[in-house]
Structures are given as C-alpha cells and as structure tokens.
Amino acid sequence: MPKKMSAARGQSIAGLLAATSLVLALSGCATFDVTAPVDARNDAPAANVKDKDAQLARDAKSGAKDDAAADGVDCRKAKCVALTFDAGPSENTPRLLDILKQEKVHATFFMLGKNHVADRPAEVKRIDAEGHELANHTWSHQILTEIKPEEVKRELSRVQDAVQEITGKKPRLMRPPQGKTDEMVSDVSRDLGLAQVLWSVTAKDYQTTDSALITKRVLEQTKRDGVILLHDIYKGTVPAVPGIIKELKNRGFTIVTVSQLLSPATPEPGMVYRP
C-alpha cells in the first residue's frame, strides 16, 4: 500500500469525517444524513458537473456577469456565502426586496405560513418574481422534534401548498425551527421533497434592534461557503442589510442563494445541509 494518500482520496475522507462529526454534533447517535455545501459540490454527480460547466460556457458566450444576479455563478471558484431570511414575509419585506434589487443580490427566504405566507401573498409572489429562492420554515413554527410525524407533515405541507397556490412552485428547501431536526423529521422532509438547511452565521437579531450590532455580528462570523441567518420580521434587521452586503462585497464575497451555493449539486430531499 502506498505511503502517501492521494489528494482526492484525502479530501473524500476528510469530507466523510466532517459529515459524521456533524451528525454526532446534531443528535449524538442519529442516522440521518448531514453534509456541508462544499462537500455537496465536490460529490456532485458527473452529469450535474457537465451541465453546470455547459451553463457557465453559455453565460460567458452571452456576456452574463459572474455574480449573484447571474444564474451561472460558480461557487467552486467564487468566494460564496448564502444570504437567508427566516420567518417572513412581513411589513419589512418590501423594503428588503428593494435593497436586494438595488444591490443585484439574490437571497433565500424561509417563510412561515400562518400570519405570513397566508396574509402576504403579494410579497411571496414578488420574492419569486425577482429571482429569490422560495423556502419553507413551517406553518406555525412548532419545534418539529417535539411533535408527531403526521403533525410535522402538516406543518410543512401546508406551506408547500400555500406557496404553490401563489407562485405555481413548491419549495425544495426547508429550515426546521431552532435548527432542531432528527431522523423522523428527515424522513418526513424526504417524503415531501424537502432538503433541510441550517446555518453558520447568526446575528441573533431577535435579541436586538441595533442595526450596527447586527452588522458587526454577521461580518465577524462570515466565512467562505457559509450560510447567514437573518430575519425580515425584526425592526433592526433590514436597515443592517445594505451595510452587510457592501462590506461582504468589499471582502470579495459573492452573495448567493442556498441552491447556488450547493451547485452543481442539487438539494437532496431529507439531507441536512450545514456549513
């Protein structure tokens, strides 16, 4: 047996160990699947990689810019970070969408059903129309690990149905409230065609209205291939977004949706994605 391990094999084993440690960190002895975005990209099927490269070639030929406003952003090469917003839409969402449009940035919106999707279909429609990613944060923010499988299914499927009725599309991603998941939640998510997305950056904007503090917390934590968690329901959050975006761009980050971060992999139902 050779003394030196090949680089490819070393990376593969490193990715496997990382995924295993994430499973243990989340649940001790759970058997559901967890992976990081970078590992998902590295393990993408060859056909996906071929399709991605062909898309990038078409974008280059047509003059499309390699930024978050272009579908052809390549996080295998770019220094990417995903921007996500939980628990809306709310009265703050139109202003947030104005900011994202001005900055040519796309985000992923993990939306609540009750009092949000149900009450603000115009905002849901606009989120979709402006190229952002529609995602599921349950109907009423119940902790999914504390309820029965049929209740988990109802919490998720009601949002799926409501978003489809408004936009004609069903979300492919969901975020469990408080990030709490387990094998049962993963099984239900898989049945509904939903991948689970956790995060690596939190401003804890539910604790403060200080936009400068929210900005500071995000910038201190953000690293390549991270997932930023913010909420478009809190007073201090949306005013912080322009400064966050400006400084992330200054630091060389490309701001993307979760699906762009995973590409050329595609979200796998039931999988837990955690940076």
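Every value quoted in this text rests on a predicted model; they were computed, and no experiment measured them.

Draft legend 1. Highlighting the packing of aromatic side chains. Taken as a whole and judged by the stated rule, the model has one aromatic pair. Here the aromatic rings of Phe-85 and Phe-109 are separated by 5.5 Å at their centres, their planes lie at 25 degrees, and the arrangement is stacked. Of the two residues, Phe-85 sits in strand β2 (residues 80–86) while Phe-109 sits in strand β3 (residues 108–111), which places them 24 residues apart along the sequence. Residue classification places Phe-85 among the buried residues on the basis of a relative accessible area of 0%.

Draft legend 2. Examining the pattern of salt bridges more closely. For the structure shown, the criterion picks out 13 salt bridges. For the salt bridge of Arg-120 with Glu-91, the shortest nitrogen-to-oxygen distance reads 3.8 Å. Separated by 29 residues along the polypeptide, Arg-120 in the loop between α5 (113–117) and α6 (121–129) and Glu-91 in the loop between β2 and α4 (93–103) bring together distant segments of the chain. Given the relative accessible area of 25%, Arg-120 is considered partly exposed. For Glu-91, a relative accessible area of 56% translates into the label exposed. Asp-187 is the salt-bridge partner of Arg-190, the closest N and O atoms lying 2.8 Å from each other. Here Arg-190 pairs with Asp-187, and both are found in helix α8 (residues 183–191), just three residues apart, close to one helical turn. Residue Asp-187 is classed as partly exposed on the basis of its relative accessible area of 33%. Several salt bridges share partner residues, and in doing so they unite Glu-91, Arg-120 and Glu-123 into one network.

Draft legend 3. Just the environment of Glu-146, in detail. Within the secondary structure, Glu-146 sits in the loop between β4 (133–136) and α7 (149–167). Note on Glu-146: relative accessible area 60%, which makes it exposed.

Draft legend 4. Local environment of the state of the cysteines. Tallied over the entire structure, the rule returns one disulfide. At a sulfur-sulfur separation of 2.2 Å, the disulfide partner of Cys-75 is Cys-80. Taking the sign of the torsion about the S-S bond as the criterion, the disulfide between Cys-75 and Cys-80, at about -90 degrees, is left-handed. Exposure remark for Cys-75: the relative accessible area of 0% places this residue in the buried category. Judged by relative accessible area, which is 0%, Cys-80 ranks as buried.

Draft legend 5. Expanded view of the nonpolar core. Judged by nonpolar contacts, the single largest core of 35 residues is most densely connected at Leu-83, Leu-100, Phe-109 and Leu-230. Taken together, the elements giving at least two residues each to this core come down to β2, α4, β3, α6, α7, α9 (211–221), β8 (226–231) and α10 (237–250). Not counting chain neighbours up to four residues away, the residues in contact with Phe-109 comprise Phe-85, Thr-93, Leu-96, Leu-97, Leu-100, Ile-127, His-132, Glu-133, Leu-134, Ala-135 and Asp-232. Membership of the second largest hydrophobic core comes to 20 residues, among which are Val-73, Val-197, Val-256 and Ala-265.

Draft legend 6. The arrangement of the packing of α4 against α6 in detail. It is the contact of α4 with α6, at a shortest axis distance of 10 Å, that shows an interaxial angle of 15 degrees. For the element pair α4 / α6, the angle class is roughly parallel. Read as a crossing pair, α4 and α6 show a hand that is left-handed. Two secondary-structure elements touch here, α4 through Thr-93, Pro-94, Leu-97 and Asp-98 and α6 through Glu-123, Arg-126 and Ile-127. Along the lines of polarity and charge, the residues of the contact of α4 with α6 split into three nonpolar, one polar and three charged.

Draft legend 7. Quick peek at α7. Along its 19 residues, α7 runs 27 Å from first to last C-alpha, staying within 8% of the 27 Å computed at 1.5 Å per residue. All buried positions along α7 are accounted for by Val-152, Glu-155, Leu-156, Ser-157, Val-159, Gln-160, Ala-162, Val-163, Ile-166 and Thr-167. Directly beyond the C-terminal end of α7, a positive phi value near 80 degrees is found at Gly-168.

Parameters and conventions
Residues numbered from 1 in each chain as written. Predicted model: local features only at pLDDT ≥ 70, side-chain atom pairs only at ≥ 80, totals over all residues. Heavy atoms only, no water. Phe/Tyr/Trp six-rings, centres within 6.5 Å; stacked < 30°, edge-to-face > 60°. Helix = DSSP H or I, 4+ residues; strand = E, 2+ residues; numbered from the N terminus. Buried < 20%, exposed > 50% of the residue type's maximum accessible area, 1.4 Å probe, protein only. Salt bridge = Lys/Arg side-chain N within 4 Å of Asp/Glu carboxyl O. Disulfide = S-S within 2.5 Å. Core = buried A, V, L, I, M, F, W, Y, C linked by side-chain atoms within 4.5 Å. Contact = heavy atoms within 4.5 Å. Axes fitted to C-alpha atoms, helices over the stretch in contact; angles between N-to-C directions. Parallel < 35°, antiparallel > 145°, perpendicular 65-115°, else oblique. Left-handed = near helix turned anticlockwise from the far one by under 90°. Nonpolar A, V, L, I, M, F, W, Y, C, P; charged D, E, K, R; others polar. Expected span 1.5 Å × (residues − 1).

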